[in-house]
Amino acid sequence: MTGNEIRKIFLEFFKSKGHRFVPSDSLVPKDPTLLFTSAGMVQFKPMFLATEKLEYSTAVSCQKCFRTPDLERVGHTIRHHTFFEMLGNFSFGDYFKKEAIEYAWEFVVDVLKLPKDDLWISIYLDDNEAYEIWKKTIGVPENRIIRLGKEENFWGPVSTEGGPCGPCSEIYIDFGPKYGCGKASCKPGCECNRFEEFWNLVFQQYNQDEKGILNPLPKGGIDTGLGLERLTAILQGVQSNFETDLIKPIINEISLITGVQYGKNKDFDVHLRIIADHIRAITFLISDGVLPSNDGRGYVLRRILRRAFRFGKLMGLDKPFLYTLVGTVTNIMKESYPELTERRENISKITLYEEERFKETLNTGEELLNQLIEKGEKKISGKDAFKLYDTYGFPLELTKEIAQERNITVDENEFKTELEKQQHQARTAWKGSGESTNDIYHTLLNKYKTTEFLGYETLESDSTILAILKNNDNIEILLDKTPFYGESGGQVGDTGTLTADGINLDVINTYKPIPELIIHKVKINKGNITEEKKLHCIVNKEYRNAIARHHTATHLLQWALREVLGTHITQSGSLVSSESLRFDFTHFSAIKPNELKRIEELANEKILENLCVTTKEMSIKEARKEKVIALFGEKYGEKVRMVEIDKISKELCGGTHIKATGELGSFKIIGEESVAAGVRRITAVTGMPAYKMVLKTEELIETIALKLKTSSTDIQQKIEQLLQRNKSQEKEIENLKTRLAGEGENLMSKLTSVEGINILPVRLDGMDINSLRKIGDSLKTKIKSGIIILGSANENKANLVVMVTSDISAKLQADKIIKEFVFMLGGSGGGKPELAQAGCKDILKLDVALNSATEIIKKILH
Ligand code: SER
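The notes below deal with the structure included here.

Definitions and limits used
Residues numbered from 1 in each chain as written. Predicted model: local features only at pLDDT ≥ 70, side-chain atom pairs only at ≥ 80, totals over all residues. Heavy atoms only, no water. Axes fitted to C-alpha atoms, helices over the stretch in contact; angles between N-to-C directions. Helix = DSSP H or I, 4+ residues; strand = E, 2+ residues; numbered from the N terminus. Parallel < 35°, antiparallel > 145°, perpendicular 65-115°, else oblique. Left-handed = near helix turned anticlockwise from the far one by under 90°. Contact = heavy atoms within 4.5 Å. Nonpolar A, V, L, I, M, F, W, Y, C, P; charged D, E, K, R; others polar. Near = heavy atom within 4 Å. Polar contact = N/O pair within 3.5 Å; in protein donor to acceptor, adjacent residues only side chain to side chain. Areas by Shrake-Rupley, 256 points an atom, 1.4 Å probe, with all protein chains shown as cover. Buried < 20%, exposed > 50% of the residue type's maximum accessible area, 1.4 Å probe, protein only. Pairing = 2+ DSSP bridges.

1. Quick word on the packing of helix H16 (residues 541–565) against helix H17 (residues 593–608)
H17 packs onto H16 with a crossing angle of 130° between their chain directions and a minimal axis gap of 9 Å. In this view, H16 runs oblique relative to H17, as classed from their interaxial angle. Relative to H17, the crossing made by H16 is right-handed. The residues of H17 that touch H16, namely those facing Leu556, Leu557, Trp559, Ala560, Leu561, Glu563, Val564 and Leu565, are Glu595, Arg598, Ile599, Leu602, Ala603, Lys606 and Ile607. Looking at side-chain class alone, the contact of H16 with H17 contains 11 nonpolar, no polar and four charged residues.

Structural data, given as structure tokens:
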């Protein structure tokens with residue numbers, strides 16, 4: 001049986017038992033308290049806690065999961081993974097322990113035909129209810145039911161902030177004594193390879209609060225997790241998960257690239273397993289919209305990608321190779337995850353880009369490490385090792401290895417401290433990122449349910465205040481229903497007014513602290529508000545329309561980008577406001593000016609065609625058939641909303657739009673830049689802001705024209721003239737310079753001497769001190785030894801520079817000489833023995849002063 005078949009059989013089995021099939025959620029969960037989806041139950045968390053009636057009460061899924069706590073063990077054992085698939089059946093207050101156990105047994109024994117006698121059961125210490133079911137109802141012999149503690153047999157909660165949890169019961173398979181440790185105590189739970197746990201049945205009985213207190217759930221739930229890779233290994237009769245048809249083809253491919261055969265060398269086997277595990281995770285993480293970066297999810301991705309690259313290097317590869325494995329992963333998994341096929345090329349490119357980057361830093365890091373070692377340090381400090389790790393993406397293991405070769409150690413403890421410090425920062429940053437963890441809003445949701453949004457159809461309503469939240473000057477209102485759009489999906493929130501007799505409020509922003517609630521931030525202009533008060537709501541229409549225009553323009557832009565650059569363009573973020581739109585998307589080079597022009601042109605063409613923009617609600621299944629663009633990694637509900645621009649674009653989108661593209665007026669791109677590796681950003685305007693853009697440009701031209709003393713129509717001619725003049729002036733300057741150099745020769749004719757000392761007094765009018773110094777420098781090289789005195793009448797001042805060559809500056813100092821001139825001409829000046837300068841007042845006496853230079857020197861000499 002193939003892994004793909006096993007997945008299908010499981011889903012079919014529970015579907016036949018009336019379970020609703022729910023597709024795998026993204027690896028990026030909606031739950032803001034979690035970094036990754038780490039179990040099948042994550043997407044169902046709220047359903048275990050729900051008090052209201054649910055749309056369905058039992059479910060089955062195959063969930064892609066990603067976990068990092070076992071990262072160091074991956075590859076070293078036969079059963080640990082970062083990425084894996086979890087099959088699971090769920091009950092939300094429907095059936096409980098008995099049925100869950102019966103279903104599991106039926107599936108394992110009757111469907112999969114696993115040998116009954118090799119199956120062992122573990123239960124939580126005092127869970128006698130489960131014990132009795134296994135023993136009496138199922139008939140498992142007492143000696144094969146063991147009781148394990150909290151560590152093994154109490155599951156959850158999945159988040160540190162609490163949530164559903166409960167005792168669990170696990171099914172183990174006994175591979176026989178030849179795989180065991182041989183100890184008399186060997187039984188399920190032992191670390192050796194004899195007993196393998198493959199199915200965990202969790203009895204979700206409690207809701208653990210933030211303080212760790214277990215509060216019983218009104219109705220018990222079932223959450224089971226059956227590792228697809230483990231089950232496949234068992235059914236395919238192979239020694240490890242890595243040898244199943246879900247993973248082995250990847251190992252084979254790596255063997256082809258490296259020339260390293262699996263099963264020949266223990267260390268290399270570990271490397272091969274690590275790479276195979278990591279490339280699956282890399283492929284799925286990128287497919288769900290995670291991009292390598294230095295924080296949050298992106299950092300985790302970067303870490304495993306670099307780790308995998310490094311293990312390739314340890315097997316002799318020194319060039320990117322992981323990107324070539326994306327295709328192998330896709331081929332194995334595409335049946336269940338068809339989105340991989342269309343994203344494959346993009347995933348591959350992102351992987352390659354990251355590999356190339358790391359290849360660079362790996363070498364730079366190596367050099368740096370060598371420098372540290374050459375400095376003669378006996379121990380590389382944890383701080384240095386961490387810097388290498390953090391800044392250069394240099395894995396600690398590699399640092400250790402190279403250090404070891406030179407008999408140097410690494411302060412691992414200090415490294416760990418640094419790492420923990422950083423991880424702590426990453427975690428707290430993450431926790432702080434969502435106000436949605438805030439309990440108040442969850443309490444409000446429990447009490448009042450999801451806010452009804454009316455704003456697709458109308459901009460006015462009569463609504464009732466359900467709750468008022470006050471925090472200093474910050475006042476927030478929850479209404480039963482609202483036409484105000486709460487900021488989400490990149491679109492900013494609405495503004496407007498709320499009124500009643502004697503009451504007048506401004507809505508200054510609208511947002512969604514949790515997806516189900518729409519909250520209005522208000523300013524009270526008049527009156528007092530109380531709960532249950534009825535208010536008339538009016539959304540600021542102009543503001544909303546301006547936003548809607550930019551939202552439709554974003555869809556138009558995405559279409560045009562795909563037309564011009566290709567279908568690999570995938571949205572990775574957006575911001576839609578009344579003033580502009582920002583659209584981030586995956587692309588690997590700057591967009592060329594002609595491409596950018598074409599994109600803009602296409603968008604404008606479609607505006608002129610005045611295409612209809614329509615919205616339609618449908619099931620996600622129908623939407624898939626329609627080939628709509630869904631957001632990377634975004635999880636959609638059962639019903640989705642499709643926004644269609646006639647004939648050209650279909651996107652799943654919850655935002656608000658205009659009715660026809662003609663309403664945009666025009667579309668103008670105002671910026672294109674890179675925001676991260678492989679991600680570009682376009683900023684653009686439409687509607688009024690686009691018109692204002694034109695006005696602004698016009699104004700700028702007017703201002704320039706005014707400055708150039710011409711009219712805007714003649715501005716080009718004027719600039720041509722100026723450029724022409726500039727050019728001829730530059731030429732003139734060049735000529736003057738040459739002339740000046742030539743005059744240098746003439747100036748030399750003024751050279752005299754006193755007692756064998758060269759003296760060169762020169763007058764050159766119109767020069768500032770700097771120019772005089774430059775000329776002085778060139779004269780100095782000519783006279784080689786002596787004194788140069790330069791005077792210049794310039795802007796009502798007589799500038800003076802005196803230079804003395806170093807060979808005689810002990811005898812005659814420039815600062816001394818200049819004092820004599822200052823004395824004659826008035827003003828001030830000074831300097832050092834070899835160079836002095838002065839600004840003097842009496843221009844009329846400049847000639848006389850320069851003519852008496854020889855006299856002055858003589859006087860100083862004696
Ligand atoms: N939540 C349990 C687990 O992750 C069972 O699905 O193991």
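2. Looking at the site of the ligand
Taken together, Ala39, Met41, Arg67, Met86, Trp155, Asn200, Val202, Asp223, Thr224 and Gly225 make up the full set of residues near the ligand. Separating an oxygen atom of the ligand from a side-chain N or O atom of tryptophan 155 is a distance of 3.4 Å. Measuring from an oxygen atom of the ligand, one finds a backbone N or O atom of glycine 225 at 3.1 Å. Bound to the protein, the ligand loses 95% of the 230 Å² it would expose on its own.

3. Quick look at helix H6 (residues 228–236)
The buried fraction of H6 is high, at seven of nine residues. Among all positions in H6, only Leu228, Glu229, Arg230, Leu231, Thr232, Ala233 and Ile234 are buried. Note on H6: the residue one or two positions beyond its end, glycine 237, has a positive phi of about 65°.

4. Here's the deal with the sheet that holds strand E31 (residues 827–831)
In space, the six strands of this open sheet follow the order E27-E28-E29-E30-E32-E31, with mixed pairing throughout. Of all the strands in the sheet, just strand E27 (752–754) and E31 have a single pairing partner and so form its edges. Each adjacent strand pair in this sheet contributes to an overall mean axis angle of 20°, direction not counted. Note that E31 and strand E32 (residues 835–840) share five bridges and pair antiparallel. Within the sheet, the bridge partner assigned to glycine 827 lies in E32 and is cysteine 840. In the packing of helix H22 (residues 814–825) onto the sheet, the strands contacted are strand E29 (787–794), strand E30 (797–804), E31 and E32, and the crossing angle to E32 comes to about 10°. Sheet strands in contact with helix H24 (residues 853–861) are E27, strand E28 (757–763) and E29, and its direction is about 140° off that of E28.

5. As for the environment of lysine 416
Along the chain, the position of lysine 416 falls in helix H14 (residues 412–431). Sequence separation between lysine 416 and phenylalanine 154 is 262 residues, and the spatial gap between their C-alpha atoms is 30 Å.

6. Things to note about unusual backbone geometry
Cis geometry is adopted by the peptide bond preceding proline 157, which originates at glycine 156 and carries an omega value of 0°. Within the fold, proline 157 resides in the loop between strand E6 (154–155) and strand E7 (163–174). Here the phi dihedral of glutamate 532 falls at roughly 75°; this positive angle occurs in a residue that is not glycine. Position of glutamate 532 relative to the elements: it lies in the loop between strand E18 (519–526) and strand E19 (534–539). Its identity as a non-glycine residue notwithstanding, glutamate 755 has a phi of 50°, on the positive side. Structurally, the position occupied by glutamate 755 is in the loop between E27 and E28. The exposed category is assigned to glutamate 755, whose relative accessible area is 52%.

7. Digging into the packing of helix H7 (residues 248–258) against helix H8 (residues 266–287)
Put simply, H7 and H8 touch, their axes get as near as 9 Å, and they point 120° apart. Judged by the twist between their axes, the crossing of H7 over H8 is right-handed. Listed contacts from H8 to Ile250, Ile251, Ile254 and Ser255 of H7 are Leu272, Arg273, Ile275, Ala276, Ile279 and Arg280. Looking at the contact of H7 with H8 residue by residue, the classes come out as seven nonpolar, one polar and two charged.

Just distances and angles here, no functional claims.
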